[in-house]
Amino acid sequence: MTRALADNDHEVEAKYHVRDLRELIKALAQRQVVLTEPSVQDDQAYAPAGWSYGMSKIGVPFARLRTQEGRHLFTVKKPIDNEMACLEHDCVISDRDAMHAALATMGWVPTVRIVKQRRTGVWDGVTVCVDVVDGLGTFVEVERLVSSQHSGEQVQDGLDAMIRSLGVPVLRVVDTYDTLIWNLASAAGRMSAPV
């Protein structure tokens, strides 16, 4: 979903691994959160040349190409407070392959591919994303758009309280999906450098 962001707005999110998808959906429904039908998102993540996993992401811009239901979205995120509190800009593009070539020409390096089924809803002004990520499992993300005057970590504390109020067993995750996939593939010996 594209949003119009002011130059100093940033997206703050909190992410959780979920053990029981049905229990989560039931708890969200009790809070009147209506989720969309699942939609497949096919994401390719990019990092600047010279950056590699294990280095800090704070202050570093990262790009993503997403295809969902035939639409292509280009996004740039720059972590501010932590990996999940970012300045973010995105726009719809008509040609994913051409944008990939442009990113490569500008020196961006493709890192990992993330494929997931996502359902979204809104809960008290907060966007809720329920994701089933290939190779990783089920997650719930809650995200809020705030001005740069807000502390990302304080906003995350409020988001955490919302999720905890559901009473569903969850495990908070501080890494983004690309890092989780990279770590999993590296542990399995399938990656040693950006691909």
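Up top is the structure these notes are about.
K.L.:
Even after reading the chapter, I still don't get the overall build of the protein, so can you show me in this structure?
P.N.:
Scanning the protein from terminus to terminus reveals four helices and nine strands. When the elements of the protein are put in sequence order from the N terminus, they spell out β-α-β-β-β-β-α-β-β-β-α-β-α. The principal-axis extent of the C-alpha atoms belonging to the protein is close to 50 × 40 × 35 Å. Contacts in the protein between residues at least 24 apart in sequence constitute 65% of all its contacts with a sequence separation of at least 6. With the model as given, the accessible surface of the protein reaches about 9,800 Å², and the carbon-plus-sulfur share is 53%. Distance from the positive charge centre (21 side chains) to the negative charge centre (26 side chains) of the protein: 4 Å.

K.L.:
Can you help me understand the pattern of salt bridges in this one?
P.N.:
Pairing is possible between side chains of opposite charge, provided their charged atoms come close. Counted according to the given criterion, the structure contains 14 salt bridges. One salt bridge connects Asp178 with Lys57, and the closest N-O pair in it is separated by 3.1 Å. Here the residue Asp178 occupies a position in helix H4 (residues 177-187), and Lys57 occupies one in the loop between strand E2 (39-48) and strand E3 (62-68), the gap between them amounting to 121 residues. Each member of the pair, Asp178 as well as Lys57, is classed as buried. The salt bridge involving Glu88 is made with Lys77; its shortest N-O contact spans 3.8 Å. In this pair, Glu88 is assigned in strand E5 (residues 85-93) and Lys77 in strand E4 (residues 71-82), connecting sequence segments eleven residues apart. Of the residues examined, Glu88 reaches a relative accessible area of 3% and is grouped as buried. Connected via shared salt-bridge partners are Glu13, Lys15, Arg118, Asp131 and Glu141.

K.L.:
Sorry, what's going on with the packing of aromatic side chains here?
P.N.:
For any pair of aromatic rings, the description rests on two quantities: the centre-to-centre distance and the angle between the ring planes. Going through the model one piece at a time under the given rule, you end up with four aromatic pairs. Centre to centre, the rings of Trp51 and Phe62 are 4.9 Å apart; their planes meet at 80°, and the pair counts as edge-to-face. A residue pair is termed long-range when its members are at least 10 positions apart, and Trp51 in the loop between E2 and E3 and Phe62 in strand E3 qualify at eleven residues. Like Phe62, Trp51 is buried. Ring centres of Tyr53 and Trp182 lie 4.6 Å apart, and the angle between their planes is 15°; on these two criteria the pair is classed as stacked. Taken together, the residues Tyr53 in the loop between E2 and E3 and Trp182 in helix H4 connect sequence positions 129 residues apart. When its relative accessible area of 14% is taken as the criterion, Tyr53 is described as buried. Residue class for Trp182 comes out buried when judged on its relative accessible area of 8%. These aromatic residues form a ring-pair network of at least three members: Trp51, Tyr53, Phe62 and Trp182. Its guanidinium or amino end placed over the ring of Tyr177, Lys15 lies 3.5 Å from that ring's centre, counting from NZ or CZ. Taking NZ or CZ as reference, Lys57 lies 5.5 Å from the ring centre of Phe62, over its face.

K.L.:
When you look at the environment of Val128 in this model, what are you seeing that I'm missing?
P.N.:
Structurally, Val128 can be placed in strand E7 (residues 126-133). A sequence separation of 51 residues divides Val128 from Lys77, and the C-alpha atoms of the two residues are 19 Å apart. If we skip the residues at most four places from it in the chain, Val128 touches Leu28, Arg119, Thr120, Gly121, Trp123, Val140, Glu141 and Val142.

K.L.:
I would appreciate a short explanation of the environment of Gln117 in the present structure.
P.N.:
Turning to its location among the elements, Gln117 is positioned in strand E6 (residues 108-123). A relative accessible area of 41% places Gln117 in the partly exposed class. The sequence separation of Gln117 and Thr127 amounts to ten residues, and the corresponding C-alpha distance is 16 Å. Setting aside residues up to four positions removed in sequence, Gln117 forms contacts with Pro38, Ser39, Val40, Val130, Asp131 and Val132.

K.L.:
Can you walk me through helix H1 (residues 21-30) in this structure?
P.N.:
The periodicity of an α-helix, 3.6 residues per turn, causes residues three or four places apart in sequence to face the same way. Taken as a whole, H1 has its buried residues at Leu24, Ala27 and Leu28. Down the axis of H1, the buried set is contained in an arc of 100°. They therefore lie on one face. Facing away from the buried side of H1 by over 90 degrees, the exposed positions are Arg22, Lys26 and Gln30. The elements touched by buried residues of H1 are strand E1 (9-18), E6, E7 and strand E8 (137-147). The residue sitting at the N-terminus of H1 and contributing the capping side-chain oxygen is Asp20; that oxygen lies 3.1 Å from the backbone nitrogen of Arg22. Backbone geometry just after H1 places Gln32 at a positive phi near 65°.

What counts and how
Residues numbered from 1 in each chain as written. Predicted model: local features only at pLDDT ≥ 70, side-chain atom pairs only at ≥ 80, totals over all residues. Heavy atoms only, no water. Helix = DSSP H or I, 4+ residues; strand = E, 2+ residues; numbered from the N terminus. Contact = heavy atoms within 4.5 Å. Areas by Shrake-Rupley, 256 points an atom, 1.4 Å probe, with all protein chains shown as cover. Lys, Arg positive; Asp, Glu negative; His and termini not counted. Charge placed at Lys NZ, Arg CZ, Asp CG, Glu CD. Salt bridge = Lys/Arg side-chain N within 4 Å of Asp/Glu carboxyl O. Buried < 20%, exposed > 50% of the residue type's maximum accessible area, 1.4 Å probe, protein only. Phe/Tyr/Trp six-rings, centres within 6.5 Å; stacked < 30°, edge-to-face > 60°. Lys NZ or Arg CZ within 6 Å of the ring centre and 35° of its normal. Arc of directions from axis to C-beta. Polar contact = N/O pair within 3.5 Å; in protein donor to acceptor, adjacent residues only side chain to side chain.

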